[in-house]
Amino acid sequence: MARLLFMMPAASYWTLKDGTRHATGYWAEEFAAPYRALTEAGHTIVVATPRGVIPTVDMMSLRPEMAGGAQAALDLEATIRFAEELRRPIQLSAARLEDYDAVYAPGGHGPMEDLCADPDAGRLLTAALASGKPLAIVCHGPAAMLATRFRGESPFAGYQVTAFSNEEEDGVGLASRARWLLEDELVKLGVDYSKGEPWKPYTVVDHNLLTGQNPASAQVLGEQLLKVLN
């Protein structure tokens, strides 16, 4: 069975351009869907965050209207409640790629606050991409790719990538309030960015890099990662 590192944000808020803090963290479905698929298949999960902080779930992601209904919201809550890995994360600085068979990074706006500039996130993603081991990242998780820049260059340049789109950010009412938009910054990074229909599953696979556009893509991405591991 495989051992996977879930790289997650420590941030519980996202600082907007006017200086206000938007409450956030990780998006429930983006953790829970791959977590269920992988653990039910017998794989081991280790959560890592900056400073080993217990990650915060974005409460909006547990609302029935955002989760896909009341029962779906309850199922997400149950998965998070029973996921002991969330309550004993290791420090991201202590994570070594050689200890894991794959890396996964969920989104939520949390990575837009911390992982986007975290040197350990950049180190791990750079190593994972070069190793050939599966590297799966979804929604706002690709913000961590911005931390891989060295002297203006990133190893992700030229790779086919998807992530939360400007249109979707506008749809949640935050595009005009953001300091920067993920789609724009990824394009500046040099990736070959593409997107599907807003809020619908859309994933892209390029060599060992698997990316998903939005929360609806997390289940599909988890299944793709599981197939690669098997």
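Residues numbered from 1 in each chain as written. Predicted model: local features only at pLDDT ≥ 70, side-chain atom pairs only at ≥ 80, totals over all residues. Heavy atoms only, no water.

An unreviewed UniProt entry lists the chain under the name Type 1 glutamine amidotransferase domain-containing protein, with Herbidospora galbida given as the organism.

On to the sheet that holds strand β4 (residues 44-49), then. Strand pairing within a sheet occurs via backbone hydrogen bonds; the two strands may be parallel or antiparallel. Strand order in this open sheet of seven strands is β5-β4-β1-β6-β7-β11-β10, and the pairing throughout is mixed. Either end of the sheet is taken by a strand with one partner, and the two such strands are β5 (90-91) and β10 (203-206). (Pairing = 2+ DSSP bridges. Helix = DSSP H or I, 4+ residues; strand = E, 2+ residues; numbered from the N terminus.)

Of note, the phi angle at Arg151 is positive, near 55 degrees, even though the residue is not glycine. Its place among the elements puts Arg151 in the loop between β7 (135-138) and β8 (160-161). Assessed through its relative accessible area of 78%, Arg151 is described here as exposed. Even without being a glycine, His207 presents a positive backbone phi close to 55 degrees. (Buried < 20%, exposed > 50% of the residue type's maximum accessible area, 1.4 Å probe, protein only.)

Neither face of β7 is left uncovered, since the one carrying Leu135 and Ile137 and the one carrying Ala136 and Val138 both have all their residues buried. One ladder, built from three bridges, connects strand β6 (residues 102-105) with β7; its direction is parallel. By the bridge assignment for β7, Val103 is matched with Leu135. Sheet analysis places β7 next to strand β11 (residues 209-212), joined by four bridges and oriented parallel.

Now for the packing of helix α1 (residues 28-40) against helix α8 (residues 218-229). Here α1 crosses α8 at 30 degrees, and the two axes come no closer than 8 Å. Between α1 and α8, the crossing angle belongs to the class labelled roughly parallel. Viewed along their axes, α1 and α8 form a crossing whose handedness is right-handed. Every residue of α8 that contacts α1 at Glu29, Glu30, Ala33, Pro34, Ala37 and Leu38 is listed here: Ala218, Gln219, Gly222, Leu225, Leu226 and Leu229. Among the residues forming the contact of α1 with α8, the class breakdown is eight nonpolar, two polar and two charged. (Axes fitted to C-alpha atoms, helices over the stretch in contact; angles between N-to-C directions. Parallel < 35°, antiparallel > 145°, perpendicular 65-115°, else oblique. Left-handed = near helix turned anticlockwise from the far one by under 90°. Contact = heavy atoms within 4.5 Å. Nonpolar A, V, L, I, M, F, W, Y, C, P; charged D, E, K, R; others polar.)

Met7, Leu135, Met145, Leu186 and Leu209 are the most contacted members of the largest nonpolar core, which totals 41 residues. Those elements that provide at least two residues to this core are β1 (3-7), β4, β6, α5 (119-131), β7 and α7 (182-189). Here the element with the most residues in this core is α5; it accounts for five residues. With residues near it in sequence (within four places) discarded, Leu186 still touches Pro142, Met145, Leu146, Val161, Ala163, Val191 and Tyr193. (Core = buried A, V, L, I, M, F, W, Y, C linked by side-chain atoms within 4.5 Å.)

So, about α1. Under the 1.5 Å per step criterion, the end-to-end length of α1 is 18 Å for 13 residues, consistent within 8% with the ideal 18 Å. Of all the residues in α1, the buried ones are Ala28, Glu30, Phe31, Ala32, Ala33, Pro34, Tyr35, Ala37 and Leu38. If you follow the buried residues of α1, they end up packed against β1, β4, α3 (70-82), β6, β7 and α8. Where α1 terminates, the next one or two residues include Gly42, which has phi positive at roughly 95 degrees. (Expected span 1.5 Å × (residues − 1).)

Overall, the coordinates contain five salt bridges when judged by the stated rule. Where Arg179 meets Glu113, a salt bridge forms, and the shortest distance between an N and an O atom there is 3.6 Å. In this pair, Arg179 is assigned in the loop between α6 (166-171) and α7 and Glu113 in helix α4 (residues 110-113), connecting sequence segments 66 residues apart. By relative accessible area, Glu113 is classed as partly exposed at 22%. A salt bridge links Lys195 to Glu183, with the shortest nitrogen-to-oxygen separation between them at 3.5 Å. Here Glu183 lies in helix α7 and Lys195 lies in the loop between β9 (192-193) and β10, a separation of 12 residues in the sequence. Its relative accessible area of 39% is what places Lys195 among the partly exposed residues. (Salt bridge = Lys/Arg side-chain N within 4 Å of Asp/Glu carboxyl O.)

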